[in-house]
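# Report on the structure
Here is what each chain is made of, one letter per residue.
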Amino acid sequence: MQIAEPPAAAPAQATDSTAPPPRRLPAGEGAAWWGESWRIFKAAPGPWIGIFVIFVVLSCVLIFIPVVGGLAHSVLTPVFVGGVMLGCHALARGEPLRIGHLFAGFEGGRFGPLCILGLVWIAFAVVIAIVMVVVVFLMLGATGLVALMDFGGTSPLDYAALTGAGAAMLVVALIALILALLVAMAYWFAPALVVLNGEPPLAALRKSFAASWTNVGAFLLYGLIYIGLAIVASIPFGLGWLVFGPMIAGSCYAGWRTIFGK
């Protein structure tokens, strides 16, 4: 089965910025990306499930390695995603999807740029954590922090301080959510832009953010459908993720193709 033919992509090792400006799409395209992702999955269900299972196993192994494993997982995830985008691109050209596509990001000069995406992700996470700590301290002050840390202890409860702490934590959670969404916008298309358009890592992050911001309506619809599908996929003991996981990758490729296609 062959899915819609994408535009020709520049070599992965290209150094010039080759992706066109992001196209503004109707909000309904957010649903169309899911339809395209289903067609991508149906084109090679066996290899897709194999890719997803291997990625989950590798992720679990890395995460359980103290300290270094978590950092390695963050750095290598864009490398795996880049390989999967190459697999989607192969399907679009009528070529077979191979489980080896999961590791294609390690080849052809792609490894370094994709690792940089992972390192920038870690830097963003550190900055967000620092911002959260500063916001909590500024909102709670020393008294609020002491009351929060002593909650459940033997000291008399300072209900006013605890109420303020609860409100502050809600504000902090909202700020963290907004910052996480902004970072996700910068990363969504970045691996595809690196491996399929030859974009440098920082340029890929900028173009991914611009594409997400320009098409915020489509992404809102996409996100609502994502929540519904994730709930459905989780009901039968999580087995639905064997299909839904690959569909997420396919939807990312579909978004890249429609937004950045020439």
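The text that follows walks through the structure, step by step, so that each part is easy to find. (Residues numbered from 1 in each chain as written. Predicted model: local features only at pLDDT ≥ 70, side-chain atom pairs only at ≥ 80, totals over all residues. Heavy atoms only, no water.)

## As for the overall build of the protein chain
Counting its regular elements, the protein chain contains nine helices and zero strands. N-terminal to C-terminal, the α/β element order of the protein chain is α-α-α-α-α-α-α-α-α. Counting every position in the protein chain, which comprises 262 residues, the buried fraction comes to 43%. Long-range contacts, defined here as pairs at least 24 residues apart, represent 76% of the contacts in the protein chain between residues at least 6 apart. (Helix = DSSP H or I, 4+ residues; strand = E, 2+ residues; numbered from the N terminus. Buried < 20%, exposed > 50% of the residue type's maximum accessible area, 1.4 Å probe, protein only. Contact = heavy atoms within 4.5 Å.)

## A few points about helix H7 (residues 201-214)
Between its terminal C-alpha atoms H7 stretches 20 Å, which fits the 20 Å expected from 14 residues at 1.5 Å a residue. Among the residues making up H7, those that are buried are Pro201, Ala203, Ala204, Leu205, Lys207, Ser208, Ala211 and Ser212. (Expected span 1.5 Å × (residues − 1).)

## So, the pattern of salt bridges
In this structure the tally under the stated criterion is four salt bridges. Here Arg257 ties to Glu36 by a salt bridge, and the two come within 3.5 Å at their closest N and O atoms. Taken together, the residues span a long stretch of sequence, with Arg257 in helix H9 (residues 241-260) and Glu36 in helix H1 (residues 29-43) at a distance of 221 residues. Residue classification places Glu36 among the buried positions, given a relative accessible area of 5%. Overlapping salt bridges, with partners in common, bring together Glu36, Arg39 and Arg257 in one network. (Salt bridge = Lys/Arg side-chain N within 4 Å of Asp/Glu carboxyl O.)

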